[in-house]
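What the coordinates show
Each chain, written out:
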Amino acid sequence: MIQAFVNKHFFNLFIFTITLGILLYDFIGFDYTDEICALFLFVIFGIYVSKIPEWPFNKAFCITIGVFLFYLLYSFLINSNSKGAIISDFLIQIKPYLAFFCVYSMMPIFSIRQNSILRYLTSFFAIFLLIVGSINIITGTTLRAVMGHEAYFAAAIVSFALTYLLSADFNNKNKFIYILILSVGLLSTRSKFYGFYILSIVGILYFTKADRFRLNAKSITLLCFVIALIGIATWNKINLYFVQGFNIDNEKDFIARFVLYATSIQIFQDYFPFGSGFASFATFSSGQYYSHIYEEYDIDSVWGLSKQFHSYVADTYYPSLAQFGIIGVLLYCCFWLYIVLNAYKYFKITNNIKLMFMTLLITCYFAIESTTDSTYTTHRGFFIMMILGYVLSSMKHEALQTIKKSDYEHSSN
């Protein structure tokens, strides 16, 4: 049975990815772990497609592939970079969407035993990182030696917390453990993580009851209060990038981010409406195959953006949307609107508040994270998009079962 094959091998891939693609990714120093994980996922999906009689590509999946193929052709036509660079960036940019849609289409289901393994595994990983983070308070070097960077440490904790929540019953005990795991991330000292942490706590305490999940004066007021708290927690970064701008007292790595944001606005205008094309701006490939855009906009001498040292070219995500122009930004927003609206549609049928809550958590996580990191297109983003695909497919499966049960009871009566 093909579904049993998918369930078994997707679980194995999930374990492999969270272990080698998240926890040990930087420690083992093998940069192609996420590509291997992606390849395994596509192989499983390919076998799934070959074994089922129905067409597994829904309309949104086909549109997404079509959009990326259009931008690939567009990039070739305007010569946004070399052909190798364009293809490289195309594969990197489409990867999170394929991760989501492949999992969503296959609709894998974890067994009770598999969920139990995930809970124990993520708890163990969180304790391990708690030890690493605690030692780092004394040494100041342990965290980077194991995880590579504080931001990667925080993203790993978010991945473990979401996986635990995904595999657990949504009772008070497991909600508490979710927050406990997430609390380890405070050792990262990342302001973005503080914002997500506040959002998670308020959400767990208030919005995880179905009767409270609605727009009214009370929930809107609380939402505004949460946004204000997140704003306070991340004010230093907001002030730097969007208010005061760059000055000589800013740290060097902030310079590149500010310049990328400022330049992206100009690119949106100059390359209206489809942007500057793949591998042209603010992505890994645009630095690896150094793009002419940096010289064209006179930012090739900025620390971290030069041809000789371009490590900060892909240090944030939102500026890279300039590659796709205003149309690309609208399509990006449409994708996330599609996620939330479909989740809400299933929620109205199933009343499964945990999965709806997780959908909103992941959406908010990427919204916050993308301000100063390219997490969305990295191994970390790939794994969390796999989780999102599993969450939405679980909601769809439960909704279909509910409808089928309702139709059967109606016909019996």
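These figures come from a predicted structure and were not determined experimentally.

The rules behind these values
- Residues numbered from 1 in each chain as written.
- Predicted model: local features only at pLDDT ≥ 70, side-chain atom pairs only at ≥ 80, totals over all residues.
- Heavy atoms only, no water.
- Salt bridge = Lys/Arg side-chain N within 4 Å of Asp/Glu carboxyl O.
- Helix = DSSP H or I, 4+ residues; strand = E, 2+ residues; numbered from the N terminus.
- Core = buried A, V, L, I, M, F, W, Y, C linked by side-chain atoms within 4.5 Å.
- Buried < 20%, exposed > 50% of the residue type's maximum accessible area, 1.4 Å probe, protein only.
- Contact = heavy atoms within 4.5 Å.
- Axes fitted to C-alpha atoms, helices over the stretch in contact; angles between N-to-C directions.
- Left-handed = near helix turned anticlockwise from the far one by under 90°.
- Patch = residues over 30% accessible without salt bridge, like charges linked within 9 Å, V, L, I, M, F, W, Y side chains within 5 Å.
- Areas by Shrake-Rupley, 256 points an atom, 1.4 Å probe, with all protein chains shown as cover.
- pLDDT = per-residue confidence, 0-100.
- Polar contact = N/O pair within 3.5 Å; in protein donor to acceptor, adjacent residues only side chain to side chain.

**Section: the pattern of salt bridges**
- Taken as a whole, this structure holds seven salt bridges when the rule is applied.
- Across the pair Glu-35 and Lys-95 runs a salt bridge, and its minimum N-O distance is 3.7 Å. A residue pair is termed long-range when its members are at least 10 positions apart, and Glu-35 in helix α3 (residues 33–51) and Lys-95 in helix α5 (residues 83–106) qualify at 60 residues.
- Two residues, Lys-192 and Asp-373, come together in a salt bridge whose shortest N-O distance is 3.9 Å. Of this pair, Lys-192 sits in helix α10 (residues 191–206) while Asp-373 sits in the loop between α17 (353–369) and α18 (379–412), and the two are 181 residues apart along the sequence.
- One salt-bridge network, in which partners are shared between bridges, spans Lys-192, Glu-369, Asp-373 and Arg-380.

**A few points about the nonpolar core**
- The biggest cluster of nonpolar side chains holds 117 residues, and the ones touching the most others in it are Leu-41, Phe-100, Phe-160 and Tyr-178.
- The residues contacting Phe-100, other than those within four sequence positions of it, are Phe-335, Tyr-338, Ile-339, Met-385, Leu-388, Gly-389 and Leu-392.

**Re the packing of α3 against α5**
- Between α3 and α5, the least distance of the axes is 10 Å, while the angle of their chain directions is 35 degrees. Every pair of crossing elements has a handedness; the one defined by α3 and α5 is left-handed. Contacts between α3 and α5 involve Asp-34, Glu-35, Ala-38, Leu-41, Phe-42, Ile-44, Phe-45 and Tyr-48 from the former and Lys-95, Leu-98, Ala-99, Cys-102, Val-103, Ser-105 and Met-106 from the latter.

**Here we look at a nonpolar patch on the surface**
- Judged by side-chain polarity, Phe-272, Ile-326, Ile-327, Leu-330 and Leu-331 come together as a nonpolar surface patch covering roughly 440 Å² of accessible area.
- Exposure remark for Leu-331: the relative accessible area of 33% places this residue in the partly exposed category.

**So, the confidence of the model for the chain**
- Mean pLDDT over the chain: 88, with 87% of residues reaching 70 or higher.
- Between the elements of the chain, mean pLDDT differs from a low of 56, seen in helix α12 (residues 235–244), to a high of 96, seen in helix α6 (residues 112–139).

**Concerning the environment of Tyr-71**
- Along the polypeptide, Tyr-71 turns up in helix α4 (residues 59–78).
- A relative accessible area of 3% places Tyr-71 in the buried class.
- Sequence separation between Tyr-71 and Gly-277 is 206 residues, and the spatial gap between their C-alpha atoms is 6.8 Å.
- With sequence-adjacent residues up to four places away left out, Tyr-71 is seen in contact with Phe-274, Phe-278, Gln-323, Phe-324, Ile-327, Gly-328 and Leu-331.
- A distance of 3.3 Å separates the side chain of Tyr-71 from the backbone nitrogen of Gly-328, its partner in a polar contact.

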